[in-house]
Each structure stands twice: as structure tokens, then as C-alpha cells.
Amino acid sequence: AWEMAVEGTPWTMLAADEKLFVVTRAGRLYCLGALGGKPVHHALPSSALPEGRGKVDIDRLLDVCGVRSGYALCLGLGDGERAAALAIQSDMHVVVIDADAAAVNAFRRRMDDAGLYGTRVSAWVADPLHFSYPAYVADLIIVDGECAAAAVQGRGAGKALLDALRPYGGVALWTVAAENEQALRAGYVEAGVETLLFSRDGEFLLVRRVGALPGSASWTHENADAANSLTSQDARVRGPLGLLWFGGPPNDPVLPRHGHGPTPQVVGGRVFIEGRDMLRAVDVYTGRLLWERSLPGL
């Protein structure tokens, strides 16, 4: 009971088999019963993450892309080696989408045993080419050969997938032969995805989203710009507005003072926020914390 009190109020409680099962807000599961007053702890099993072939493959891909943090989408699971290696050999949050429910479930259990599922890794059962991806979420997209072949041979790729690349350097790797490259390029053009650069590296077609979105604008001073115009020059954002992301670092250090704190500044796809004793930068497209510095007395 003392341990549960330290962790905060229970999230839910269940009574069964002459025992009380308690799930706390800290994510722990307790079973209370007649055990002579001695707690029993069951640790999660741990398993080694892949080495060898997956390791070499991911090292090469990360070097080609120049991306090692952020969100990675793996379209097509295969044997799961590439996605698992990506999770252990980078700082990325890895999201896997595959239509094979049994394969996805096995991968989930493997990542859960390794202590990564639900924190750095998640997996979804769905058609990878037409999943409901958030716009601008992905720093890296890896499309396996089977999905890439389907995309260029009639099934196409949904606009949500093509538009999921993050501006300012998001990279998609498509496993497509050179003769099928033009069909994939045409799909991006038809979907209206802007600011793309195409290049090849061996069996991969690299699609890189560079720079700002056309019509977007920065907010670089307290009052918008050096002219103190208090007017955004952004021509892209229009109502009705919706939620792009939620979560991220807590707002406790940046609670308003004197009516309100300094205005956040936006440039280069980043939001810079000043708090009472710190300065932080977050990704404007996902809310992911990029860095934070403690500045006592700021």
C-alpha cells in the first residue's frame, strides 16, 4: 500500500480469485492477497536485440540518410530484423505498419521482451500504403520491396503516406528498381507533395523533403519580426484548424508570469520557448523535444 501511495492514485482496480489487482498511474501492476505479507515481484523478461545482418544494413541506411533521431516509419515488417535494429542502433521512435496480424503480434512480443515496445517502438496492423499517417511526422520512412512494388504496379500510395515526410530534411527510402522510379515520382507530383529532391543509392530511391513548406513563415522576434508588425506572414495556415500533435515536454517550467511569458519563436521547423530558468527547442511538426538547457535566473 505504501508503494502504491508513492506512485499516486490507482488507475484501476480489479477483484478476482480472492485477490485485488491494482494498476497504478506509474504503469505498475500489483496483486494483493494472502501471501504472508511478503511482496512478490515478477520482472519482465529481457532478450537481446538483433545483431549481424540487420546491424550492417541499418548502419548503411542511417549513413545514407543522415538521420538518427526523430520518428521512423517502417512500411512492411518482413522478418522484423531491420525495424528492431533501427530501434537499437539509433535514437529514433520506430513505427511499423504491416498487414500480417500474426507477424505484427510476434514482433510486438519480441520488442516488449526487449523493453522497447510502447516507449520507442510501436506496430500497427494495416495496409502500409494507405494508413492514416499524420502530416509531416516522419524524419525517416523505409519502404520494403513488397510495398514499393505494390505502389508502382497499380495500388499506388495514399497522399497521407507521401505527405508524412517532415520538412527540413525528412527522407523516404523506397526499394524500387530504376525502371520503376518514374512512376513513383509521378505519384508524389500527383499528390502535390512539395520541396522534394530525388536521388539514388544502389537499390534505393531517396526522396528528401528539403527546406520550408511553400507559403509558411517564421516568427523570429517577440512581435513577429524586426519591424514589430505583430503579423504573421504565413499564407499556408487556414481555418478550420485541427490538432497536429499532442504531448511532448511538460509546460510546468514555462507557466505564464506577469500576465504572459516571452512569445515563443519559430524558425527552421523549430519552436524556441523560454521558461523561468530554461530555454528549449521542440519540433514544430511533432512536439518532440530537441534540446533543453537550464539557465538559472533567466
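See the structure shown above.
Residues numbered from 1 in each chain as written. Predicted model: local features only at pLDDT ≥ 70, side-chain atom pairs only at ≥ 80, totals over all residues. Heavy atoms only, no water.

Caption draft 1: Structural context of the pairing of strand β9 (residues 196-201). Alignment of β9 against strand β10 (residues 204-209), held across six bridges, turns out to be antiparallel. Residue pairing for β10: Ser-199 is matched across the bridge by Leu-206. Following β9, the chain reverses through two residues before pairing antiparallel with β10; Gly-202 in that reversal takes a positive phi of roughly 65 degrees. (Pairing = 2+ DSSP bridges. Helix = DSSP H or I, 4+ residues; strand = E, 2+ residues; numbered from the N terminus.)

Caption draft 2: Representation of the packing of helix α3 (residues 81-89) against helix α4 (residues 101-113). Running from N to C, α3 and α4 point in directions that differ by 25 degrees, and their axes come no closer than 11 Å. Between α3 and α4, the angle falls in the class roughly parallel. Judged by the twist between their axes, the crossing of α3 over α4 is right-handed. Together, Glu-81, Ala-83 and Ala-84 of α3 and Phe-107, Arg-110 and Met-111 of α4 make up the contact between the two elements. For the contact of α3 with α4, the class distribution of residues is four nonpolar, no polar and two charged. (Axes fitted to C-alpha atoms, helices over the stretch in contact; angles between N-to-C directions. Parallel < 35°, antiparallel > 145°, perpendicular 65-115°, else oblique. Left-handed = near helix turned anticlockwise from the far one by under 90°. Contact = heavy atoms within 4.5 Å. Nonpolar A, V, L, I, M, F, W, Y, C, P; charged D, E, K, R; others polar.)

Caption draft 3: Structural context of helix α5 (residues 145-155). Taken as a whole, α5 has its buried residues at Cys-147, Ala-148, Ala-150, Ala-151 and Val-152. Elements in contact with the buried residues of α5: β4 (69-75), β7 (140-143), β8 (170-175) and α7 (181-191). Positive phi appears at Gly-156, one or two residues downstream of α5, with a value of about 65 degrees. (Buried < 20%, exposed > 50% of the residue type's maximum accessible area, 1.4 Å probe, protein only.)

Caption draft 4: Quick peek at the sheet that holds strand β13 (residues 278-283). A sheet is described by the order of its strands in space; here four strands give the open sequence β11-β12-β13-β14, paired in antiparallel fashion. The sheet is open, and its two borders are formed by β11 (265-267) and β14 (289-294), each paired with just one other strand. Taking each pair of neighbouring strands and ignoring which way they run, the sheet shows an average axis angle of 15 degrees.

Caption draft 5: Main features of the pattern of salt bridges. Evaluated as defined, the whole model comprises 13 salt bridges. Close ionic contact of Arg-209 with Asp-163 constitutes a salt bridge, the shortest N to O distance being 3.0 Å. Within this pair, whereas Arg-209 is found in strand β10, its partner Asp-163 is found in the loop between α6 (159-162) and β8, the two being separated by 46 residues in sequence. Measuring nitrogen to oxygen at the nearest pair gives 3.5 Å for the salt bridge that ties Glu-194 to Arg-209. Pair noted here: Glu-194 is in the loop between α7 and β9 and Arg-209 is in strand β10, with a separation of 15 residues, a long-range link. Salt bridges sharing common partners tie together Lys-159, Asp-163, Glu-194, Arg-209 and Arg-236. (Salt bridge = Lys/Arg side-chain N within 4 Å of Asp/Glu carboxyl O.)

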